[in-house]
Amino acid sequence: MDRTLTQHPQEYLVSVTAGKVNLEGNLVIPNGATGIVLFAHGSGSSRHSPRNRYVAEVLQQAGLATLLIDLLTAEEEEIDLRTRHLRFDIGLLASRLVGATDWLVHNPDTCNLKVGYFGASTGAGAALVAAAERPEAVQAIVSRGGRPDLAGSALPHVKAPTLLIVGGYDQPVIAMNEDALAQLHSVKRLEIIPRATHLFEEPGKLAAVAQLASEWFTHYIR
């Protein structure tokens, strides 16, 4: 695999083939890892998101590999009338996740790792759709402040154990997650973080999210 070493000694810049496009990603594989978490960020965010990178570091400390990718190319990310709708194209984003999952399954460095998804905002909806399309590969899902309702008719077909995490002050999203939870037939749980808003910016709230995610993934893919 063609990899370029970045600042962190264990982090590599990778080019992930997903259908007809190549997506840039940051890959970390701790020694002894048996599972890898693929991050699906929300609209307006990227693989450089401090929140997702923080969660990724907590997962790495738990012995899990991580892959943070941008689901859109640099050209697609440019906001104008031609491309802004792509950030909310759940079908497109899910197809990119499926492609990235296939890349993990066939890549020599990651083919022996169990796969999990960490989705935020719209990325959670895309993660659930992709998981329904790759039930043999995806073995755990965590959603942070996600929109699982955007997965629509795919929800009953998700087989992976799914943890939905929502802030206690994020009332509209709580309702959306409750509706989605009712449609999931897999192992599932809704965790509401008290006194947290949508982005979990309050002191200690993102740490609580990371800890819950770490426990979920450690149980199902570690």
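On a predicted model such as this, the values are computed, not experimentally measured, just so you know.

(A) Seen up close, the environment of Ile29. Relative to the elements of secondary structure, Ile29 occurs in the loop between strand S3 (21-28) and strand S4 (35-40). Residue classification places Ile29 among the partly exposed residues on the basis of a relative accessible area of 25%. Note: C-alpha distance between Ile29 and Leu67 (38 residues apart in sequence) is 8.7 Å. In this view, Ile29 contacts Gln10, Ala65, Asp109, Thr110 and Leu113; residues no more than four positions away in its chain are not counted.

(B) Summary view of the confidence of the model for the protein. Chain-level pLDDT for the protein is 90 on average; 89% of the residues reach the 70-or-more range. This stretch, residues 1-9, has a pLDDT under 50; its non-local contacts, to residues over four places away or in other chains, come to 18 contacts.

(C) Focus on the nonpolar core. Ranked by size, the top nonpolar core spans 43 residues in total, and within it Ile36, Leu38, Leu67, Ile69, Leu97, Tyr117 and Ile141 carry the most contacts. Take this core: its biggest share by element is nine residues, from helix H3 (residues 90-106). Non-local contacts of Ile36, meaning those with residues more than four positions away in its chain, are made with Leu27, Ala65, Thr66, Leu67, Leu104, Thr110, Leu113, Lys114, Val115, Gly116 and Ile221. Grouped together as the second largest cluster of nonpolar side chains are 24 residues, Leu163, Ile193, Leu206 and Ala210 included.

(D) The arrangement of helix H6 (residues 205-220) in detail. With 16 residues, H6 extends 23 Å from end C-alpha to end C-alpha; this agrees with the ideal 22 Å at 1.5 Å per step. Among the residues making up H6, those that are buried are Lys205, Leu206, Val209, Ala210, Leu212, Ala213, Ser214, Trp216 and Phe217. Looking at the packing, one finds that the buried side of H6 touches S4, helix H1 (50-61), strand S6 (114-120), strand S7 (138-144), strand S8 (162-167) and strand S9 (188-193).

Criteria and cut-off values
Residues numbered from 1 in each chain as written. Predicted model: local features only at pLDDT ≥ 70, side-chain atom pairs only at ≥ 80, totals over all residues. Heavy atoms only, no water. Helix = DSSP H or I, 4+ residues; strand = E, 2+ residues; numbered from the N terminus. Buried < 20%, exposed > 50% of the residue type's maximum accessible area, 1.4 Å probe, protein only. Contact = heavy atoms within 4.5 Å. pLDDT = per-residue confidence, 0-100. Core = buried A, V, L, I, M, F, W, Y, C linked by side-chain atoms within 4.5 Å. Expected span 1.5 Å × (residues − 1).

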